[in-house]
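# Chain and residue survey
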Amino acid sequence: KKTGAEGERAREGIKINEGLLALGNVINALADDDRLAKGEKVHVPYRQSKLTRLLQDALGGNSQTLFLACVSPSDTNASETLSTLQYANRA
């Protein structure tokens, strides 16, 4: 592990990553234009995490959401930057 987190901090990091994964799933479901164009019903998994439940009103309906990805120009953070850009592209 690059962070060196152990115990409670490691569990907290895991929960944060689970929330971000669930957020990506919700954004993908809301942006699934192909299925919406066909008139298919799209399930939006808001209940996957506390984060998505809290953001449900801000993400759904007629709202517009901005996704901001913070990246680093440093070579030492290249893997995190790549991971962040891949997540932003997926979302």
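This section reports on the structure supplied with the text. (Residues numbered from 1 in each chain as written. Predicted model: local features only at pLDDT ≥ 70, side-chain atom pairs only at ≥ 80, totals over all residues. Heavy atoms only, no water.)

Generally speaking, nonpolar side chains in soluble globular proteins are found buried as a group. Formed by Leu-23, Val-26, Ile-27, Ala-29, Val-42, Val-44, Tyr-46, Leu-59 and Tyr-87, the largest nonpolar core amounts to nine residues. When residues in this core are grouped by element, the largest group, four residues, is from helix α1 (residues 8–30). Contacts of Leu-59, omitting those with residues within four sequence positions, involve Leu-23, Val-26, Leu-30, Tyr-46 and Thr-65. (Core = buried A, V, L, I, M, F, W, Y, C linked by side-chain atoms within 4.5 Å. Buried < 20%, exposed > 50% of the residue type's maximum accessible area, 1.4 Å probe, protein only. Helix = DSSP H or I, 4+ residues; strand = E, 2+ residues; numbered from the N terminus. Contact = heavy atoms within 4.5 Å.)

Next up on the list: the side chain of Ser-49. Relative to the helices and strands, Ser-49 is located in the loop between α2 (33–37) and α3 (50–54). Classification of Ser-49 by relative accessible area gives buried; the value is 11%. When residues no more than four places from it in sequence are discounted, the contact partners of Ser-49 are Gly-19 and Ala-22.

Between its first and last C-alpha atoms α1 spans 33 Å; for 23 residues at 1.5 Å apiece the expected length is 33 Å, and the two agree. Among all positions of α1, only Ala-10, Gly-19, Ala-22, Leu-23, Gly-24, Val-26, Ile-27 and Ala-29 are buried. Close packing links the buried residues of α1 with α3, α4 (56–59) and α5 (78–90). (Expected span 1.5 Å × (residues − 1).)

Moving on, we get to the environment of Ser-83. Along the chain, Ser-83 falls in helix α5. Once the C-alpha coordinates of Ser-83 and Val-71 are considered, the two residues, twelve residues apart in sequence, prove to be 9.5 Å apart.

Below, the discussion takes up a nonpolar patch on the surface. A cluster of nonpolar side chains, Ile-16, Leu-20 and Leu-51, forms an exposed patch at the surface whose accessible area comes to about 230 Å². Inspection of the secondary structure assignment puts Leu-20 in helix α1. (Patch = residues over 30% accessible without salt bridge, like charges linked within 9 Å, V, L, I, M, F, W, Y side chains within 5 Å. Areas by Shrake-Rupley, 256 points an atom, 1.4 Å probe, with all protein chains shown as cover. Salt bridge = Lys/Arg side-chain N within 4 Å of Asp/Glu carboxyl O.)

For the structure shown, the criterion picks out one aromatic pair. Considering the side-chain rings of Phe-67 and Tyr-87, the 5.6 Å spacing of their centres and the 45° angle between planes classify their relative orientation as tilted. Highlighted residues: Phe-67 in the loop between α4 and α5 and Tyr-87 in helix α5, separated in sequence by 20 residues. Taking relative accessible area as the criterion, Phe-67 reaches 36% and is therefore assigned partly exposed. (Phe/Tyr/Trp six-rings, centres within 6.5 Å; stacked < 30°, edge-to-face > 60°.)

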